[in-house]
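Summary of structural features
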Amino acid sequence: MSLFSKAEAERVAVVVGEVEQRTAGEIVVAEVPSSDDYGEVRLFAAVVLGLLAAAGTHVGWPALPVGAVLAIQFAAGVVAWFVSGLRPVLRAMLPRGRAELAVSRAAELAFLEYGLFATRDRTGVLIFLSELEHRVVILGDKGIHERLQNPGWSELVTSLVASIKQRRTTDGVCTVITKLGEVLARDAPVRPDDTNELPNYVRGPSERA
């Protein structure tokens with residue numbers, strides 16, 4: 001599952017390219033369907049529902065053989081496991097802290113994977129979107145983070161999350177890229193010998209569409 005169609009991903013890449021013509025910054029947009037499989041969350045749901053089903057069965061039909069009660073418990077657990085794997089259900093079940101931790105870790109790994117730490121002027125910026133969790137992380141290397149500071153990152157993240165929830169992901173990403181470009185053009189302007197150090201295409205499912 002992708003947040004972008006092929007045409008939308010191409011539009012984002014064009015905006016990245018336009019911004020990078022005015023700045024030494026290197027912007028990468030990456031998306032993932034989810035930042036974790038959350039197996040322990042689903043297992044907990046399966047165990048709890050199985051126990052509740054067994055307890056309810058025993059209370060309602062006390063004469064039922066133990067084997068039958070255990071079979072009902074197992075069946076309820078299996079159903080809960082599969083139902084909790086449905087994206088809307090899993091999203092609703094996820095503890096906020098657990099989701100935020102998973103997305104943060106996934107973003108940090110992506111920052112390393114896509115080489116954002118290795119740009120000449122340390123001005124790499126990652127815009128990381130995790131579809132299941134409806135969460136966004138924006139990470140800047142040392143050269144840009146010092147300029148934008150934490151309030152700036154928070155404003156951009158809040159704006160982009162709102163766009164995702166409104167199903168305006170592409171518009172939101174392009175707006176954030178443009179705003180980043182304004183900061184970068186002012187504080188990290190393009191240099192005469194600047195080159196495009198990182199490809200502009202969107203990383204993730206859309207690049208394989």
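The paragraphs below set out a description of the structure included in this document. (Residues numbered from 1 in each chain as written. Predicted model: local features only at pLDDT ≥ 70, side-chain atom pairs only at ≥ 80, totals over all residues. Heavy atoms only, no water.)

As a further point, take the pattern of salt bridges. If you walk through the whole model with that rule in mind, you get nine salt bridges. Two residues, arginine 11 and aspartate 171, come together in a salt bridge whose shortest N-O distance is 2.9 Å. You can see arginine 11 sitting in helix α1 (residues 6-20) and its partner aspartate 171 sitting in helix α7 (residues 169-187), a full 160 residues away along the chain. Taking the shortest distance from any N to any O, the salt bridge between arginine 91 and glutamate 131 comes out at 3.4 Å. Residue arginine 91 is located in helix α4 (residues 87-93), and its partner glutamate 131 is located in the loop between β2 (124-130) and β3 (135-140); the two are separated by 40 residues in the primary sequence. Relative accessible area serves as the criterion here: at 12%, glutamate 131 is assigned to the buried category. Through salt bridges with shared partners, a single network forms among Arg11, Arg168 and Asp171. (Salt bridge = Lys/Arg side-chain N within 4 Å of Asp/Glu carboxyl O. Helix = DSSP H or I, 4+ residues; strand = E, 2+ residues; numbered from the N terminus. Buried < 20%, exposed > 50% of the residue type's maximum accessible area, 1.4 Å probe, protein only.)

Viewed as axis vectors pointing N to C, α1 and α7 meet at an angle of 5 degrees, and their least axial separation amounts to 9 Å. The angle between the axes of α1 and α7 places the two elements in the roughly parallel class. Here Glu8, Arg11, Val12, Val15, Val16 and Val19 of α1 come into contact with α7, specifically with Thr170, Asp171, Val173, Cys174, Ile177, Thr178 and Gly181. Split by residue class, the contact of α1 with α7 holds seven nonpolar, three polar and three charged. (Axes fitted to C-alpha atoms, helices over the stretch in contact; angles between N-to-C directions. Parallel < 35°, antiparallel > 145°, perpendicular 65-115°, else oblique. Contact = heavy atoms within 4.5 Å. Nonpolar A, V, L, I, M, F, W, Y, C, P; charged D, E, K, R; others polar.)

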